[in-house]
Amino acid sequence: MLFRAGVVNRPGRVEAGNTVLDTMPEEKDRAQSLTLGVATFGWNDFRINLIDTPGYADFAGDALTALRVADVAVFVVDGVSGLQVNDEIMWQTASALGKPRLIFVNKLDKERGSFERTLDGIRSRFGPGVEPVELPVGEASAFHGVADLLTDHLFSYDGGTTVESDEVPPDIAEREHAEHEHLVEDVVEIEDDLLGRYLDGEPITVDELEHALHTGFVAGTVWPVLCGSATESIAIDRLLEFLCRIAPDPVEVQAATPSDGEPLAYVFKTHTDDYVGRVALLKILSGTVRADDILV
């Protein structure tokens, strides 16, 4: 995400020990995150605050902390090994907290990577609210893009550039059309007026579908599924676009706290930085916090 947003000039790799948010020596040695990290970046006209969490059950404490303060939870599921036990535990926790959730099926560029198998496993565990909004184009080393089920458009990736087309490849066109119709049928049920128009044979626009999908997303009744490859930077931009266009506005999922009230913040993590000393990470719930403010 940071690479696609232009914050860093090359994507970090866990194996190389040069990821942005794995800063502790132990994290580099073990090639895994041990604590949560925070990054902020711009995407078009939006500001995204990213809380990156450990994926291993041994370090789930920070992931639970992140869930409590995040407005949306993105579950990154391995497209090779499929859904893991820890994924299910964190999903149940997110559900109990009422967090809107989406799923990103990763590693579809790897051998034995399978969107179909992974999606079946997700559906069998999480139920009918699971809604794929993209289909992969190509498999393993031939994976090179995604078909957007909302717009019927193809997004291809080559050398870091994204090419959009309204022509879906013939080998997946039939399935894409069927999945598009299935998505439309499920999404129009979210809003009564859309359902009535759909049953009357009226066309439903992409904007209307996105609005209804947004409504279901906020309500926690729909869990969109996207797909791609982080290491090859395939469809990461689509994930960012989806978060900005479809995901809930933070105001929609936060507790009813007056934004113009006295400064109120929740400190969810503290750590010591070698250069600046003690650092407290906080989520502002109301009011405004400015540099040099003293908070009690």
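The structure we're discussing is the one just above.
This section reports on the structure supplied with the text.

Parameters at a glance
- Residues numbered from 1 in each chain as written.
- Predicted model: local features only at pLDDT ≥ 70, side-chain atom pairs only at ≥ 80, totals over all residues.
- Heavy atoms only, no water.
- Pairing = 2+ DSSP bridges.
- Helix = DSSP H or I, 4+ residues; strand = E, 2+ residues; numbered from the N terminus.
- Axes fitted to C-alpha atoms, helices over the stretch in contact; angles between N-to-C directions.
- Phe/Tyr/Trp six-rings, centres within 6.5 Å; stacked < 30°, edge-to-face > 60°.
- Lys NZ or Arg CZ within 6 Å of the ring centre and 35° of its normal.
- Buried < 20%, exposed > 50% of the residue type's maximum accessible area, 1.4 Å probe, protein only.
- Contact = heavy atoms within 4.5 Å.

**What about the sheet that holds strand 6 (residues 134-137)?**
Strands in a sheet are paired, the pairing made by backbone hydrogen bonds, and the direction either parallel or antiparallel. The sheet built from 4 strands is open, its strands ordered 6-7-8-9 with antiparallel pairing. What marks the edges here is a single partner per strand, and that holds for strand 6 and strand 9 (161-165). The sheet shows a mean angle of 25° between the axes of neighbouring strands, taken without regard to direction. In this sheet, strand 9 lies alongside strand 8 (residues 153-158) in antiparallel orientation, the contact comprising 5 bridges.

**Here's the deal with the packing of aromatic side chains**
Tallied over the full model, the rule gives 4 aromatic pairs. Cluster of aromatic residues (ring-pair linked, three or more members): Phe75, Trp91, Phe126 and Trp223. Arg101 extends its terminal NZ or CZ atom over the ring of Trp91, reaching a point 4.8 Å from the ring centre. When the ring centre of Phe155 is taken as origin, the NZ or CZ atom of Arg238, which lies over that ring, is 3.9 Å away.

**Some points on helix 8 (residues 236-245)**
With 9 of 10 residues buried, helix 8 lies mostly within the body of the structure. Along helix 8, the residues that are buried comprise Ile236, Asp237, Arg238, Leu239, Leu240, Glu241, Phe242, Leu243 and Cys244.

**Considering the sheet that holds strand 5 (residues 130-132)**
Here 4 strands make up an open sheet; going across it, the order is 3-4-10-5 and the pairing parallel. Strands at the two margins of the open sheet, each flanked by one partner only, are strand 3 (73-78) and strand 5. The sheet shows a mean angle of 30° between the axes of neighbouring strands, direction not considered. In this sheet, strand 4 (residues 101-106) lies alongside strand 3 in parallel orientation, the contact comprising 6 bridges. Among the inter-strand pairings, Ala73 is bridged to a residue of strand 4, identified as Arg101. Running over the sheet, helix 4 (residues 115-126) touches strand 3, strand 4, strand 5 and strand 10 (223-227) and is turned about 160° from strand 5.

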